Amino acid sequence: MTAVAPKLTLERRLLSECDLVISLDEVGRGALAGPVAVGAAVMDAAGSRRRVPEGLRDSKLVTEKRRPDVAARAAAWVQASGVGWASAAEVDEVGIMRALGLAASRAVQSVVDQGVAVAGAVVILDGNHDYVSAVHPVALQVRPVIKADRDCASVSAASVIAKVARDTYMAELHEGHPAYQWNRNKGYASLEHRDAIRSLGLSPHHRASWAIADVPTLFWASVPSVRAALTSRRL
């Protein structure tokens, strides 16, 4: 079945009342290894009148081979874009939701550093929970929208930009830890990845609080004790 192309309906409605839309979407939330990343894409009124790039979809609906080209065209289409990161160590230290907030805040800051003003902007955040406002140092007007990555073109842009950036980073990490096959699984829980964890234990890039191959519970012991035990012996 052909995926429905995202539109600019919500962005245009919001831009009739505000100066800018900053769209955010995360990738890597459920991975066992590597950072979580949040993409940011900025849309102004003029941009909302431009044609949506051909093939732009939520990153999960774009093939890996086509994503770099789609991401490049998406970045050229929006007024500004960026990616914010939170490391695996930060996921372990503060939990995934707080880490998502850190990454989202850093994504917003990345476009602010390019000259984007958040005053008068509305943030479209994919999902049903605002995890950025509690972290970002400046008040933001955040609008969580379920399935925004599928339905809102600017959020689709943020999604694919973040996905390509994180996949590229995981391929780079793979060079130092090839047994985990991060060039293929991007840190997610493939069978080969779990087998490598059983055989080798955890790398410094794993999320020790939940990267346990055979334990059904994600959070089950204190992080320091988990990491110390699993990095000092074979599973």
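Remember, predicted model here, so these are calculated numbers, not experimental data.

Procedures and definitions
- Residues numbered from 1 in each chain as written.
- Predicted model: local features only at pLDDT ≥ 70, side-chain atom pairs only at ≥ 80, totals over all residues.
- Heavy atoms only, no water.
- Helix = DSSP H or I, 4+ residues; strand = E, 2+ residues; numbered from the N terminus.
- Buried < 20%, exposed > 50% of the residue type's maximum accessible area, 1.4 Å probe, protein only.
- Contact = heavy atoms within 4.5 Å.
- Areas by Shrake-Rupley, 256 points an atom, 1.4 Å probe, with all protein chains shown as cover.
- Arc of directions from axis to C-beta.
- Core = buried A, V, L, I, M, F, W, Y, C linked by side-chain atoms within 4.5 Å.
- Salt bridge = Lys/Arg side-chain N within 4 Å of Asp/Glu carboxyl O.
- Pairing = 2+ DSSP bridges.
- Axes fitted to C-alpha atoms, helices over the stretch in contact; angles between N-to-C directions.
- Phe/Tyr/Trp six-rings, centres within 6.5 Å; stacked < 30°, edge-to-face > 60°.

### So, the overall build of the protein
Moving on, step 1. Within the protein one finds 9 helices and 5 strands.
Moving on, step 2. Secondary structure elements of the protein, listed N to C terminal, follow the sequence α-β-β-α-β-α-α-β-β-α-α-α-α-α.
Moving on, step 3. Across the 235 residues of the protein, 52% fall into the buried class.
Moving on, step 4. The long-range share in the protein, meaning contacts at least 24 apart out of those at least 6 apart in sequence, stands at 67%.
Moving on, step 5. Of the roughly 10,900 Å² that the protein leaves accessible, carbon and sulfur atoms contribute 54%.

### Topic: helix α2 (residues 67–77)
Moving on, step 1. Of all the residues in α2, the buried ones are Arg67, Val70, Ala71, Ala74 and Trp77. The arc that holds every buried residue of α2, seen down its axis, measures 120°, which confines them to one face.
Moving on, step 2. Next to the buried residues of α2 lie β2 (36–43) and α6 (153–174).

### Section: the nonpolar core
Soluble, globular proteins show a tendency: their nonpolar side chains are buried together.
Moving on, step 1. With 31 residues, the main nonpolar core has Leu56, Trp77 and Ile124 as its most contacted residues.
Moving on, step 2. Looking at this core, the elements that each hand over two or more residues are α1 (9–15), β1 (20–27), β2, α2, β4 (121–126) and α6.
Moving on, step 3. If one sorts the elements of this core by residue count, α6 sits on top with 8 residues.
Moving on, step 4. In contact with Leu56, other than residues within four places in its own chain, are Pro6, Val70, Ala74, Trp77, Ala153, Ser156, Ala157 and Val160.
Moving on, step 5. Judged by nonpolar contacts, the second largest core, of 30 residues, contains Leu24, Ile96, Val118 and Val132.

### Some remarks on the pattern of salt bridges
Moving on, step 1. Following the criterion strictly, the structure yields 8 salt bridges and no others.
Moving on, step 2. Salt-bridge contacts for Asp69 lead to Arg73; the nearest nitrogen and oxygen are separated by 3.1 Å. Of this pair, Asp69 and Arg73 both sit in helix α2, 4 residues apart, roughly one helical turn.
Moving on, step 3. By relative accessible area, Asp69 is classed as partly exposed at 45%.

### Structural notes on the environment of Pro35
Moving on, step 1. Along the polypeptide, Pro35 turns up in the loop between β1 and β2.
Moving on, step 2. A C-alpha to C-alpha distance of 8.0 Å links Pro35 and Val91, two positions 56 residues apart in sequence.
Moving on, step 3. Setting aside residues no more than four positions away along its own chain, Pro35 makes contact with Gly28, Trp85, Ala86, Ser87, Ala88, Arg166, Tyr169, Met170 and Arg207.

### As for the sheet that holds strand β3 (residues 80–86)
Moving on, step 1. Ordered in space as β3-β2-β1-β4-β5, the 5 strands form an open sheet in which the pairing is mixed. Pairing within the sheet leaves two strands with one partner each, and these edge strands are β3 and β5 (141–145). The sheet shows a mean angle of 25° between the axes of neighbouring strands, direction not considered.
Moving on, step 2. Examined bridge by bridge, β2 and β3 share 7 bridges and lie antiparallel to one another.

### Regarding the packing of aromatic side chains
Moving on, step 1. As enumerated under the stated definition, the model contains 2 aromatic pairs in all.
Moving on, step 2. Between Tyr180 and Trp182 the ring centres are 5.2 Å apart and the planes differ by 10°, which places this aromatic pair in the stacked class. The pair formed by Tyr180 and Trp182 is uniform in burial state, with each residue classed as buried.

### Considerations on the pairing of β2
Moving on, step 1. Counting buried positions along β2 yields 8 of 8 residues, so the element is predominantly enclosed.
Moving on, step 2. Here β2 shows no split at all, with Val36, Val38, Ala40 and Val42 on one side and Ala37, Gly39, Ala41 and Met43 on the other all buried.
Moving on, step 3. One ladder, built from 7 bridges, connects β1 with β2; its direction is antiparallel. When the sheet's bridge partners are listed, Asp25 is paired in β2 with Gly39.

### Focus: helix α8 (residues 191–200)
Moving on, step 1. Among the residues making up α8, those that are buried are His193, Ala196 and Ile197. Buried positions in α8, seen along its axis, are confined to an arc of 100° and lie on one side of it.
Moving on, step 2. Those residues of α8 that are buried lie in contact with α7 (182–185).
Moving on, step 3. Trailing α8 by a residue or two, Gly201 shows a phi angle of about 80°, which is positive.

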